[in-house]
Amino acid sequence: MKVFTTLLRTELKLSLRGMDMIIFAICLPVIVMVILGIVYGNNPENLAASFPAVSTIAICAGGVMGLPLVISGYRQNKILKRFKVTPVSPALLLFVQTMIYTIYSVVSLILVYLTASIFFGFRLPGSWLQFIGAFVLVMISMFSIGMLVGGVSPNTKIASIIASILYFPMLIFSGATLPYEVMPTPLQKAADIMPLTQGIKILKAVSLDKPIDNIILSLIIICTIAIVCTALSVKFFKWE
Amino acid sequence: MPVIETKNLTKSFGGKTVLSDFNISVNQGEVFGLLGSNGAGKTTAIDCILGTKKPDSGTVRILGLNPKTERKKLFENVGVQFQELHYQDKITVSELCEMTSALYHNVNDYKRLLLEFGLNEKSKSIVNELSGGQKQKLFVLLALIPKAKVIFLDELTTGLDTKARRDIWNTLKKLKENGLTIFLVSHFMDEVEALCDNICILKQGKIVFSGNVQNAIQSSPYKTLENAYLWYSGEEVTE
């Protein structure tokens, strides 16, 4: 336990020193929430649809940008190899990293919620319990993608290219920032192939208290991604 | 029982044998030097001994344990300094020490070690911003954080000035007197003569000499270890 807390504290400090996540996982979602709040201020239904979408911005930043970069970087700098000659498994370091991105995601969720509720009078129509459950599911799924990208990329350069290809389109077109509802149908169809779009559909359905039947397909997709990516990263992870 | 023992370690990459029939035995309290020119297979040997690479055949025991299958238990008692730097961007000296300390049950106080190595004033500095010599000292220091029974040092004094090298040698000699077993890789024959009890010289993956320093010189046509070493490694000796 002492190992875990020391690693978590140190790695969190290092991550905060990097500033990237503060900007992309903490500030950006709050800013987007403020903008959407102003735009949708007099329309509680649209606001309620925006909250779950915006709450995934940090998951997306951490999962497909933060995790792949840090993992491939730690392999390239041989930090994972260094852990192999200590009593502690390098897998613990990976776990610590996923915890750090979980912290960012949860802090972001809380701040986005406070912004929406304090300034724009947002109330979650659905059940919080279901929402949290869906949030965790989406997080696991997105983080598993990041773990796979970081785990199998031969170097940080390739990891960062793949991360950018995944991150920017999902940030813009999955509905996390630009509302899915305002997109023309062909664009919506294209956006549907992105994992995060499916994740946001699940979050929207539970937060708007809509029947679960509409999102069965999304649930299957998200769960499949989580299982497949986790299995592949366990099988093909390169420690050095 | 030897502290480090390898039997017929062999490793090849892409059809090329980089280490063949590597047999060594290092006793407790001994300083053992692994020598060889660049590409002679030293790094592969260390990797196979520590279990960071899997040998094609042969066995390794450190403190009687298999480094691959009994890693957790073994590395409580083993300190390692790799040739290259393995640390996080933006990490400070004290953070790196603290993190390393957290990995072991029994540790030496890193603050005392920082003082001993003259790095105390640098404890708040970013590791990346240290000079080459300071970094090198820090990496030796990290290997000494666990209360180890054996330590592996890969090119421990590369980049250090004369004074700093002497300081580190003295530290190691003291540790040796206390029974620590030291496995080191070095390119400096003065260092080898000052520290090593036994040495092993690698040439193209094969051991061409194994024994103590005096023997190495006596069994060669030369009078200094440096010339003897060059002779064993098949290099031209120019005096």
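Residues numbered from 1 in each chain as written. Chains lettered and ligands numbered in written order. Predicted model: local features only at pLDDT ≥ 70, side-chain atom pairs only at ≥ 80, totals over all residues. Heavy atoms only, no water.

Undergrad: So what exactly am I meant to see when it comes to the pairing of strand S9 (residues 206-212) of chain B here?
TA: Every regular strand shows the same layout, with side chains that alternate between the two sheet faces. All names here are of chain B. Two elements, strand S8 (residues 198-203) and S9, share six bridges in a ladder whose sense is antiparallel. Directly across from Leu202, in S9, lies its bridge partner Ile207. A loop of two residues connects S8 with S9, the two strands running antiparallel in sequence, and Gln204 in this loop sits at a positive phi of about 45°. (Pairing = 2+ DSSP bridges. Helix = DSSP H or I, 4+ residues; strand = E, 2+ residues; numbered from the N terminus.)

Undergrad: Would you take a moment to explain the sheet that holds strand S4 (residues 57-62) of chain B for this structure?
TA: Sheet strands line up and pair through hydrogen bonds in the backbone, either parallel or antiparallel. All names here are of chain B. Spatially, three strands are ordered S2-S1-S4 in an open sheet, and the strand pairing comes out antiparallel. The two strands at the open ends of the sheet, each matched to only one other strand, are strand S2 (16-26) and S4. With strand direction ignored, the average angle separating the axes of adjacent strands in the sheet is 20°. As paired elements, strand S1 (residues 4-13) and S2 share seven bridges and run antiparallel to each other. Within S2, the residue paired with Lys11 across the bridge is Leu19. Its contacts with the sheet place helix H1 (residues 42-50) against S1, S2 and S4, and it is angled at close to 120° to S1. (Axes fitted to C-alpha atoms, helices over the stretch in contact; angles between N-to-C directions. Contact = heavy atoms within 4.5 Å.)

Undergrad: Mind showing me how you'd approach the environment of Met33(A) here?
TA: Residues and elements named next belong to chain A. With respect to the helices and strands, Met33 occurs in helix H2 (residues 20-39). For the pair formed by Met33 and Phe168, sequence separation is 135 residues and the distance between their alpha carbons is 18 Å. Here Met33 is in contact with Leu47, Ser50, Phe51, Val54, Val112, Thr115, Ala116 and Phe120, once residues within four sequence places are set aside.

Undergrad: Is there a simple way to explain the packing of aromatic side chains in this structure?
TA: Each aromatic ring pair is characterised by the separation of its centres together with the angle its planes make. As enumerated under the stated definition, the model contains 19 aromatic pairs over all chains in all. Measuring from centroid to centroid gives 6.2 Å for Phe51(A) and Trp128(A), while their planes differ by 80°, and the two rings are edge-to-face. Of this pair, Phe51(A) sits in helix H3 (residues 44-54) while Trp128(A) sits in helix H7 (residues 128-152), and the two are 77 residues apart along the sequence. Geometrically, the ring pair formed by Tyr87(B) and Phe139(B) is stacked, given 5.8 Å between the ring centres and 20° between the ring planes. Separated by 52 residues along the polypeptide, Tyr87(B) in the loop between strand S5 (78-81) and helix H3 (93-102) and Phe139(B) in helix H5 (residues 132-144) bring together distant segments of the chain. Accessibility classification places Tyr87(B) together with Phe139(B) in one group, the buried group. Just above the ring of Phe82(B) sits the side chain of Lys81(A); from NZ or CZ to the centre is 4.6 Å. The lysine or arginine in question, Arg165(B), covers the ring of Phe188(B), its NZ or CZ lying 4.6 Å from the ring centre. (Phe/Tyr/Trp six-rings, centres within 6.5 Å; stacked < 30°, edge-to-face > 60°. Buried < 20%, exposed > 50% of the residue type's maximum accessible area, 1.4 Å probe, protein only. Lys NZ or Arg CZ within 6 Å of the ring centre and 35° of its normal.)

Undergrad: Looking at this model, I keep getting lost on the interface of chain A and chain B. Mind explaining?
TA: Accessible area lost when the parts come together is the quantity often used to give the size of an interface. Opposite the 27 residues of chain A that make contact, chain B presents 28 residues. Both sides together, the interface formed by chain A and chain B hides about 2500 Å², and carbon and sulfur atoms give 58% of it. Broken down residue by residue, the surface that chain A buries against chain B is led by Arg82(A), Val85(A) and Pro87(A), which jointly contribute 29%. Counting across the interface, chain A meets chain B through four salt bridges. Between Lys13(A) and Glu95(B) there is a salt bridge whose closest N-O contact spans 3.5 Å. Inspection of the chain A/chain B interface yields 10 residue pairs in polar contact (both at pLDDT 80 or more). Mapped by element, the contributors of at least two residues to the side of chain A that touches chain B are helix H1 (2-18), helix H5 (79-84) and helix H6 (90-120) of chain A. Broken down by element, the residue count for the side of chain A that touches chain B peaks at 11 residues, all from H1(A). Taken together, the residues of the side of chain A that touches chain B break down into 11 nonpolar, six polar and 10 charged. (Buried area = accessible area lost by both parts, 1.4 Å probe. Salt bridge = Lys/Arg side-chain N within 4 Å of Asp/Glu carboxyl O. Polar contact = N/O pair within 3.5 Å; in protein donor to acceptor, adjacent residues only side chain to side chain. Nonpolar A, V, L, I, M, F, W, Y, C, P; charged D, E, K, R; others polar.)

Undergrad: Whenever I open this one, the side chain of Glu30(B) confuses me. Can you help?
TA: Residues and elements named next belong to chain B. Here Glu30 is to be found in the loop between S2 and strand S3 (31-36). One buried charge, Glu30, has no salt-bridge partner; the nearest side chain with opposite charge is Lys176, at 8.8 Å. Within the local environment of Glu30, its side chain forms a polar contact with the backbone nitrogen of Asn27, the two atoms lying 2.9 Å apart. (Lys, Arg positive; Asp, Glu negative; His and termini not counted.)

Undergrad: Help me out: how do you make sense of the nonpolar core in this one?
TA: A general tendency of soluble globular proteins is for nonpolar side chains to be buried together. Residues and elements named next belong to chain B. In terms of nonpolar packing, the biggest core is built from 123 residues, with Cys97, Leu153 and Ile199 touching the most fellow members. Composition of this core by domain shows at least three residues from each of domain 1 (1-77 + 149-212) and domain 2 (89-147). Sequence-distant contacts of Leu153, that is, excluding residues within four places in its chain, are made with Gln81, Val140, Ala143, Leu172, Ile182, Phe183, Leu184 and Val185. Core analysis: the second largest hydrophobic core is formed by 30 residues, Leu19, Cys48, Leu65 and Cys200 among them. (Core = buried A, V, L, I, M, F, W, Y, C linked by side-chain atoms within 4.5 Å. Domains from an automatic or database assignment.)

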